[in-house]
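# A look at the structure
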Amino acid sequence: FAPTADNTYEQAVSLNYFDGYSTQSLPFSLKGASYLRAILAATGFFNLGKLPITDRTTTEITISNKGLGMATAVAPAISVPFQVTQSNCGTALAASTSCTLRLDFSSDSPGAFSKTLSIPYHEGDHAAALSATISGTATVPVLLSANGNHTCVRTETGSLRCWGHGNYGQLGYE
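Below is a short write-up of the structure. Predicted, not measured: the structure shown is a model, and the values here were computed from it.

## Remarks on the overall build of the protein
Each helix and strand in the protein was counted, giving zero helices and 14 strands. Listing each helix as α and each strand as β along the protein from the N terminus yields β-β-β-β-β-β-β-β-β-β-β-β-β-β. Seen through its principal axes, the protein has C-alpha atoms that stretch 110 × 40 × 20 Å. Per-residue burial for the protein yields a buried fraction of 26% across its 174 residues.

## Regarding the pattern of salt bridges
Applying the stated criterion across every chain yields a total of two salt bridges. Salt-bridge contacts for Arg-37 lead to Glu-123; the nearest nitrogen and oxygen are separated by 2.6 Å. A residue pair is termed long-range when its members are at least 10 positions apart, and Arg-37 in the loop between strand E2 (23-34) and strand E3 (40-44) and Glu-123 in the loop between strand E10 (111-122) and strand E11 (127-139) qualify at 86 residues. Arg-37 gets classed as partly exposed once you look at its relative accessible area, which sits at 42%. In this structure, the salt-bridge partner of Asp-104 is Arg-56, at a minimum N-O distance of 3.7 Å. You can see Asp-104 sitting in strand E9 (residues 98-105) and its partner Arg-56 sitting in the loop between strand E4 (47-52) and strand E5 (57-65), a full 48 residues away along the chain. Since its relative accessible area comes to 9%, Asp-104 is described here as buried.

## Section: unusual backbone geometry
In the segment running from Val-80 into Pro-81, the intervening peptide bond is cis, with an omega of 15°. On the secondary structure map, Pro-81 appears in the loop between strand E6 (71-72) and strand E7 (82-87). We note that Ala-73 has phi near 55°; this positive angle belongs to a residue other than glycine. Among the structural elements, Ala-73 can be located in the loop between E6 and E7.

## Quick notes on the sheet that holds strand E12 (residues 143-146)
With respect to topology, three strands assemble into an open sheet ordered E12-E13-E14, the strand pairing being antiparallel. Bordering the open sheet on either side are E12 and strand E14 (160-164), each of which pairs with just one other strand. On average, each strand axis in the sheet is tilted by 10° relative to the strand beside it, whichever way the strands run.

## A look at the sheet that holds E5
Strand order in the open sheet made by the four strands is E3-E5-E9-E7, with antiparallel pairing throughout. This sheet does not close on itself; its edge strands, each paired only once, are E3 and E7. Sheet twist, expressed as the mean angle between neighbouring strand axes with direction ignored, is 30°.

Each value, and the rule that gives it
Residues numbered from 1 in each chain as written. Predicted model: local features only at pLDDT ≥ 70, side-chain atom pairs only at ≥ 80, totals over all residues. Heavy atoms only, no water. Helix = DSSP H or I, 4+ residues; strand = E, 2+ residues; numbered from the N terminus. Buried < 20%, exposed > 50% of the residue type's maximum accessible area, 1.4 Å probe, protein only. Salt bridge = Lys/Arg side-chain N within 4 Å of Asp/Glu carboxyl O. Pairing = 2+ DSSP bridges. Axes fitted to C-alpha atoms, helices over the stretch in contact; angles between N-to-C directions.

Here it is as structure tokens:
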């Protein structure tokens, strides 16, 4: 059974057998329905690497429909500090076609970020979703301050590390 279109199928079948005395026939009907599914897949760069805070970087994610049916109600979404800034996907994606999402990453605070790009859609018979983890790290410039008794450095992730003379409680971690 390999349907090529959404349809309802019915076929009459007859089972012939010998009961020991004579050949018998048992007629019955087989019924079934098919639908062509949409199957979405994503390709692209999902790790946006490191960038200084307040800077912006962009990546493009290609969404492809690998199935035989139309994907409808396509609605990509991701939360901050990532943002879908451009899309040619629309709300439907035909079989064997693809579209492109443009994602931006920018943060005012340092740290490693990981969010889920969620693309819910209707795949022909029921709701489905494609998801991909997008990550990136916002860093601060590395700063070094030193004098005769102390040295402090602010790391690229914003933490402060100090060492040196600590007779009066001058050292510690923030």
